[in-house]
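Fold and geometry: a report
Residue-level listing of the chains:
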Amino acid sequence: MKKTYFLLIIGTLFLGACKSESKKIKIKKPNVLFIAVDDLNNWISPIQNFSNVKTPNFDRLAKMGVTFTNAHVQAPLCGPSRASIMTGLRPSTTGIYGMTPDNKIRREGNPATKDITFLPEYFKQNGYHTMGIGKLFHIHAPNDVFDESGGRVKGFGPYPEKRFVWDGFGKGVKGKHGRTSTDWGAFPENDTLMPDHQSVNWVKERLERDYEKPFFMGLGFLRVHVPLYVPQKWFDLYPLDKIETPPYKSDDLNDIPNVGLQINDLPMMPSTEWAKESGEWKKIVQAYLACVSYVDYELGRVLDALESSKYADNTIIVLWSDHGYRLGEKGTFAKHALWETATKAPLMFAGPNLPKGKKITAPVEMLSIYPSLLELSGLPAYTRNEGKSLVDMMQSDKGVDASYAITTFAMNNHAIKKEGYRYIRYEDGTEEFYDHSVDPNEWYNEAGNIKFSNKKNILKILLPEKNVIWDEASNYTFQPYFVAQKKRVNGGQKTPVIVIGADR
Ligand SMILES: [Ca+2]
Ligand SMILES: [Ca+2]
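About the thresholds
- Residues numbered from 1 in each chain as written.
- Chains lettered and ligands numbered in written order.
- Predicted model: local features only at pLDDT ≥ 70, side-chain atom pairs only at ≥ 80, totals over all residues.
- Helix = DSSP H or I, 4+ residues; strand = E, 2+ residues; numbered from the N terminus.
- Rg over C-alpha atoms; globule rule 2.2 N^0.38 Å.
- Buried ≥ 20, exposed ≤ 12 C-beta atoms within 10 Å, placed from the backbone.
- Axes fitted to C-alpha atoms, helices over the stretch in contact; angles between N-to-C directions.
- Parallel < 35°, antiparallel > 145°, perpendicular 65-115°, else oblique.
- Contact = placed C-beta atoms within 7 Å.
- Nonpolar A, V, L, I, M, F, W, Y, C, P; charged D, E, K, R; others polar.
- Core = buried A, V, L, I, M, F, W, Y, C linked by C-beta atoms within 7 Å.
- Pairing = 2+ DSSP bridges.
- pLDDT = per-residue confidence, 0-100.

For the rest of this paragraph, the subject is the overall build of the chain. Along its length, the chain carries 15 helices and 18 strands. The C-alpha radius of gyration of the chain comes to 24 Å, within 12% of the 23 Å expected for a compact globule of 504 residues. Viewed in the frame of its principal axes, the chain has a C-alpha envelope of about 95 × 50 × 45 Å. Expressed as a percentage of its 504 residues, the buried residues of the chain come to 49%.

Dropping the structure here:
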């Protein structure tokens, strides 16, 4: 009798020890909240505070952790930027320069991606429960990446029956892309009609659940991607007479090499000259700011939900955008360029073991998201990652001086950002060079200035050595230069071909 009682006590103690041991492991492994915002540039209040933008929840997140004010994407276009973040590989390594269907990013015919593990999958393989909703990869996600997927609504939210202002005006790309989704105005009636609102509801509901394992939850916002439609109340935050327009120089493109001009040639987007003449410039900026404040509101709902959940103290948050956005700078309203305003985008981290309210001005890459999240979560490094973890930099400023960022647009066109300089080299060897200490708007191309030869060479040696041809599954039919380049390089020709773009 006594013996049985003794064994029971020992057994209970043993089970108790196991239970607390497994609890301990659970506590050690943080959850991950992975938030993507589409087409968000650095205008938000914790970074640039452009035109007195109202983004209290981005400020709130900045106070919770670390904000990178000089982070750059690896491709200034949704699809390839996201493919790079999710594979941990550069576009110049994968040949994914254009839009690739989510299920073809990893494919047998691509030696770089055929056996790659996507970021959320790495967490899944290491004992995490993965969930995701909205635009995370280019559309949503490849099959089976998420244990629970909320999917994504088609397109970019509700459209009014008739466009308000811009419909490409017939000068756009012909055929199936007869009109661009670029337009702006107050629509729909209220926030609950926005797909992003539904996505946040999905996330909120999941933050109330219990999980056996730590979780990785992805939330991909569709705004601030065009069309710039959000309800009227967000426009009301920005009276037109208080709106600033970004710096613009009408002859700015005169010193840009031909390939740069071709890349910039997007006939389906409004030009700055048109926006000036029609009086729409401030209205486009107003609409963009309205969209930014709408996303800020939805971000606030997520932060509220996390804060009141049992996961508040044990969740890493990372928030990023897939590229910047130009609102009139360099002649157009678009992403699609190797200039600062297209490559720079917000990157923010918060969570256990990270300083609070810290800002880092050194140039860094979105490619660092993958290895940084692994290190913060205590997971083994993934040897295939081409980016560097930013954890040391966030915790102790280590690596700030040597830090740089590479952005790639189509094959063998690169921008290097290091210290206060930007070096661009196009496939035909033509160059741009900017000194941001005297020329923050990148108006004066100093590539031919002997004064900068040494600096230029320091940045030049950072160009990727490997520049693979286009992956066959990758395309971008909106851009004449892209279409021509793929055909040319994959067809084995080496000489750059000059494409005659639309009349701009
Ligand atoms: Ca995008
Ligand atoms: Ca210029």
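Before going further, it helps to spend a moment on the environment of Met268. Along the chain, the position of Met268 falls in the loop between helix H8 (258–263) and helix H9 (272–278). Classification of Met268 as buried rests on a count of 21 C-beta atoms within 10 Å. As a C-alpha pair, Met268 and Leu376 span 108 residues in sequence and 42 Å in three-dimensional space.

Running from N to C, helix H6 (residues 195–207) and helix H10 (residues 281–307) point in directions that differ by 5 degrees, and their axes come no closer than 9 Å. The angle between H6 and H10 places the two elements in the roughly parallel class. Between H6 and H10, the contacting residues are Asp196, His197, Val200, Val203, Lys204 and Leu207 on the first element and Val295, Glu298, Arg301, Val302, Ala305 and Leu306 on the second. Among the residues forming the contact of H6 with H10, the class breakdown is 7 nonpolar, 1 polar and 4 charged.

What follows concerns the packing of helix H2 (residues 56–64) against H10. Interaxial distance between H2 and H10 falls to 7 Å at its minimum, and their mutual angle equals 45 degrees. Judged by the angle between their axes, H2 and H10 are oblique. Residues Pro56, Asn57, Phe58, Arg60 and Leu61 of H2 lie in contact with H10, whose contacting residues are Asp296, Leu299, Gly300 and Leu303. Grouping the constituent residues of the contact of H2 with H10 by class yields 5 nonpolar, 2 polar and 2 charged.

Glancing now at the nonpolar core. One broad trend across soluble globular proteins is that nonpolar side chains are buried collectively. Counting residues in hydrophobic clusters, the biggest one holds 129 residues, and the most contacted among them are Met217, Ile284, Tyr288, Ala290, Cys291 and Val292. In terms of residue count, H10 provides more of this core than any other element does, 15 residues in total. Filtering out sequence-adjacent residues up to four positions away, Met217 remains in contact with Val32, Leu33, Phe34, Met131, Gly132, Val203 and Arg206.

With that settled, the discussion passes to the environment of Asp397. The topology assignment puts Asp397 in the loop between helix H13 (391–396) and strand S15 (404–408). Residues Asp397 and Ala415 lie 18 residues apart in sequence; the distance between their C-alpha atoms is 24 Å.

A word on the sheet that holds strand S16 (residues 414–418). Taken in spatial order, the 4 strands of this open sheet run S15-S16-S17-S18, and their pairing is antiparallel. Looking at strand neighbours, the two that pair on one side only are S15 and strand S18 (431–435), the edges of this open sheet. Strand after strand, the sheet turns through a mean of 10 degrees between neighbouring axes, direction not considered. In the packing of helix H14 (residues 453–460) onto the sheet, the strands contacted are S16, strand S17 (421–425) and S18, and the crossing angle to S17 comes to about 70 degrees.

Before going further, it helps to spend a moment on the confidence of the model for the chain. Summing up the model confidence of the chain, the mean pLDDT is 91 and the portion of residues at 70 or higher is 90%. The low-confidence segment residues 11–26, where pLDDT is below 50, has 1 contact with residues more than four positions distant or belonging to other chains. The low-confidence segment residues 500–504, where pLDDT is below 50, has 9 contacts with residues more than four positions distant or belonging to other chains.

What follows deals with the sheet that holds strand S12 (residues 347–350). What the 8 strands build is an open sheet, ordered S5-S4-S7-S1-S9-S12-S2-S13; its pairing is mixed. In this open sheet, the two strands that pair with only one neighbour each are strand S5 (148–151) and strand S13 (358–360). The mean angle between the axes of side-by-side strands here comes to 10 degrees, regardless of whether they run parallel or antiparallel. Of the strand pairs in this sheet, strand S2 (residues 65–68) and S12 are connected by 4 bridges, and their pairing is antiparallel.

Right, let's get into helix H12 (residues 369–376). Summarising burial for H12: 7 of the 8 residues are buried, a large majority. Looking at H12, one finds that the buried residues are Ile369, Tyr370, Pro371, Ser372, Leu373, Leu374 and Leu376. Of the surrounding secondary structure, the elements contacted by the buried residues of H12 are strand S1 (31–37), helix H3 (78–87), helix H5 (119–125), strand S9 (315–321) and H13. Immediately downstream of H12, the backbone of Gly378 shows phi near 70 degrees, a positive value.

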